Amino acid sequence: MTRVLAVGAHPDDIELGCGGTLLRARRDGAEVTMLVLTDGRRGPGDPGLRAREQRQAAEYLGAELIVGGFRDGELACGPALVDRIGEVLAEVRPDLVLTHAPNDSHQDHRAAAEATVAAARLLSGVLHYESPSTLEFHPTVFGDVTGLLPDKLTLLRHHVSQVIGAGRVDLEALAAQARFRGFQGRVTEAEGFSVTRALLDVRSLAVPGPRYAADAEGLV
């Protein structure tokens, strides 16, 4: 069974960046684990509220939730953070790790990305998702989330303090982003990822001949 670990700095980061891909993974039978590194206390809502929202979102997704135990705004890529992520990697043994994009205006996001890459240095699959604070993001891998956008938005609505209470999460903008990434990935809706490392499995690329024939006819 495929195992996926998603690492986020704050409650709701993972859902924003790769919630649709995780929903797809769960529906395809994968085991999904979410590692949320901080308590989100610097954002709207107290830590207790944000913890409840995160638990509810994980339950909706059908994912295991692991809390990192760090304070919001104080993440630093050092031994403590790398070791904590390493502990979770050893426990979960994921086939694929998803985390923040390294080029981000939020210091916690940058630290999470750097520490995850360091902790996962021996793994063959490490991808980076985007968030509203990501800078100069140029995805080269796309997760097809066609038909799953309503479920992703429902997933995000569990973070009421961010979506309704503060308006920090713009669901309409996320829907537009999914359509744009889908256009880039040649599907209807998608999430984009940049790559630190990815192992190509050519067996997964096998597609029946008629599909190629139909595509070729469409180009004539």
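Residues numbered from 1 in each chain as written. Predicted model: local features only at pLDDT ≥ 70, side-chain atom pairs only at ≥ 80, totals over all residues. Heavy atoms only, no water.

In this section: unusual backbone geometry. Positive phi values are uncommon outside glycine, yet R93 reaches one of about 55 degrees. Here R93 shows up in the loop between helix 3 (79–92) and strand 4 (96–100). Here the phi dihedral of R186 falls at roughly 65 degrees; this positive angle occurs in a residue that is not glycine. Within the secondary structure, R186 is located in the loop between helix 7 (171–185) and strand 7 (190–197). Judged by relative accessible area, which is 69%, R186 ranks as exposed. (Helix = DSSP H or I, 4+ residues; strand = E, 2+ residues; numbered from the N terminus. Buried < 20%, exposed > 50% of the residue type's maximum accessible area, 1.4 Å probe, protein only.)

This part takes up the pairing of strand 1 (residues 3–8). Taken across its six residues, strand 1 has five buried, putting it largely inside the fold. Pairing of strand 1 with strand 2 (residues 31–38) involves six bridges; the strand directions are parallel. Looking at the pairing, V4 lines up with V32 of strand 2. In the sheet, strand 1 pairs with strand 4 via three bridges, with the strands oriented parallel. Within strand 4, the position partnered with V4 by the bridge is L96. (Pairing = 2+ DSSP bridges.)

Contact pair helix 1 (residues 13–27) / helix 2 (residues 47–61): the axes reach a minimum separation of 10 Å and the direction vectors enclose 30 degrees. With respect to helix 2, the axis of helix 1 lies roughly parallel. Listed contacts from helix 2 to E15, L22, L23 and R26 of helix 1 are Q54, A57 and L61. Looking at the contact of helix 1 with helix 2, its residues break down into four nonpolar, one polar and two charged. (Axes fitted to C-alpha atoms, helices over the stretch in contact; angles between N-to-C directions. Parallel < 35°, antiparallel > 145°, perpendicular 65-115°, else oblique. Contact = heavy atoms within 4.5 Å. Nonpolar A, V, L, I, M, F, W, Y, C, P; charged D, E, K, R; others polar.)

Another point: helix 3. Between its first and last C-alpha atoms helix 3 spans 20 Å; for 14 residues at 1.5 Å apiece the expected length is 20 Å, and the two agree. Among the residues making up helix 3, those that are buried are L81, V82, I85, V88, L89 and V92. Relative to the axis of helix 3, the buried residues are bounded by an arc of 125 degrees and lie together on one face. Projecting away from the buried face of helix 3 at angles above 90 degrees are the exposed residues P79, A80, A90 and E91. Here the buried face of helix 3 lies against strand 1, strand 2, strand 3 (64–70), strand 4 and helix 4 (107–119). R93 lies just past helix 3 and shows a positive phi near 55 degrees. (Expected span 1.5 Å × (residues − 1). Arc of directions from axis to C-beta.)

Taken in spatial order, the seven strands line up as 3-2-1-4-5-7-6 in an open sheet, and their pairing is mixed. The open sheet has two edge strands with one neighbour each: strand 3 and strand 6 (141–144). Strand-to-strand twist in this sheet, taken as the mean axis angle between neighbours without regard to direction, amounts to 30 degrees. Relative to strand 5 (residues 126–129), strand 4 runs parallel, the two being bridged by four bridges. Pairing of L98 across the sheet is with L127, part of strand 5. Along the sheet, helix 3 makes contact with strand 1, strand 2, strand 3 and strand 4, crossing strand 3 at roughly 160 degrees. Most of the contacts of helix 4 go to strand 4, to which it runs at about 155 degrees, and overall it touches strand 1, strand 2, strand 4, strand 5 and strand 7.

Moving on, we come to empty space enclosed by the protein. If you walk through the whole model with that rule in mind, you get one cavity of 30 Å³ or more. Here the largest cavity is characterised by a volume of approximately 60 Å³. If you trace the largest cavity, you find it lined by L16, G17, E130, K152, L174, Q177, A178, R181, A190, E191 and G192. Taken together, the elements giving at least two residues each to the lining of the largest cavity come down to helix 1, helix 7 and strand 7. For the lining of the largest cavity, the leading source of residues is helix 7, giving four residues. For the lining of the largest cavity, the residue count by class is four nonpolar, three polar and four charged. (1 Å grid on protein atoms, 1.4 Å probe; cavity = no way out; pocket = protein on both sides within 12 Å on 5 of 7 lines; lining within 4 Å. Points joined across faces, edges and corners; volume = space filled by probe spheres on them.)

Right, let's get into the pattern of salt bridges. Per the counting criterion, the structure on display carries seven salt bridges. Linking D151 and R27 is a salt bridge whose minimum nitrogen-to-oxygen distance equals 2.6 Å. Placement of D151 in helix 5 (residues 149–157) and of R27 in helix 1 is noted, with a sequence separation of 124 residues between them. For D151, a relative accessible area of 18% corresponds to the buried category. A relative accessible area of 55% means that R27 is categorised as exposed. With a closest N to O distance of 3.3 Å, R84 and E87 form a salt bridge. With R84 and E87 both in helix 3 and three residues apart, this pair spans about one turn of that helix. We classify E87 as partly exposed; its relative accessible area is 48%. (Salt bridge = Lys/Arg side-chain N within 4 Å of Asp/Glu carboxyl O.)

Any link to function would need more than the numbers given here.
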